[in-house]
Amino acid sequence: MAAKNRRRRARLAGAECRPYTLAQIAERDVYCCQLCGDLVDMKLSGLKPMGPTVDHIVPISRGGGDTPENVHLAHRRCNEEKGAYYDPRESRPLVIAV
Ligand SMILES: [Zn+2]
């Protein structure tokens, strides 16, 4: 269900879309949360704060694709903290001064 919604959202946004599974991403990222660096317990439900979720590196709302290259493994807690920081309704590109 979640994967279906994710792909639908990506398609509506005109984003590139290639299939992947949470298990594939978790194995590639050696079961470590890519936001805090701690291990992710794959036995937990993705609805638990420390449960596994797939986080989009470049959010779909900012033109990121729903592809294995643009996602990484993250705890739900870490994913939601990041999500609060990057407001998905904000559509202007993020400009970072270098
Ligand atoms: Zn984390």
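Within each chain, residue numbers correspond to sequence positions counted from 1 in written order. Local features in this predicted model are restricted to residues whose pLDDT is 70 or higher, and side-chain atom pairs enter the listing and the counts only when it is 80 or higher, whereas totals over whole chains, interfaces and linings include all residues.

Concerning unusual backbone geometry
Glycine aside, residues mostly have negative phi angles, and peptide bonds mostly take the trans form. Even without a glycine there, the phi angle at valine 30 is positive, about 45°. Helix and strand assignments follow DSSP, with helices taken as H or I runs no shorter than four residues and strands as E runs no shorter than two, numbered in order from the N terminus. Assignment of secondary structure puts valine 30 in the loop between α2 (22-28) and β1 (52-56). Among the residues examined, valine 30 registers 9 C-beta atoms within 10 Å and is labelled exposed. Positive phi outside glycine occurs at tyrosine 31, with the angle close to 60°. Mapping tyrosine 31 onto the fold places it in the loop between α2 and β1. We classify tyrosine 31 as partly exposed; it has 14 C-beta atoms within 10 Å. Once C-beta atoms are placed from the backbone, each residue is buried if 20 or more other C-beta atoms lie within 10 Å of its own, exposed if 12 or fewer, and partly exposed for counts between those two.

Digging into the nonpolar core
Each nonpolar core reported here comprises buried Ala, Val, Leu, Ile, Met, Phe, Trp, Tyr and Cys residues connected via C-beta atoms within 7 Å. By size, the foremost hydrophobic cluster in this structure holds seven residues: Cys33, Val40, Val54, Val71, Leu73, Ala74 and Cys78. Not counting residues within four places of it along the chain, the set of residues in contact with valine 40 comprises Ala26, Tyr31, Cys32, Cys33, Pro52, Leu73 and His75. Contacts are defined on C-beta atoms placed from the backbone: any two residues whose C-beta positions lie within 7 Å are in contact.

Some remarks on the confidence of the model for the protein
How sure the predictor is of each residue is captured by pLDDT, a score from 0 to 100. This prediction gives the protein a mean pLDDT of 84; 82% of its residues lie at or above 70. Across the protein, the element-wise mean pLDDT spans from 76 in helix α1 (residues 2-12) up to 98 in α2. Every residue in residues 88-94 scores below 50 in pLDDT, and together they form five contacts with partners more than four places removed in sequence or on other chains.

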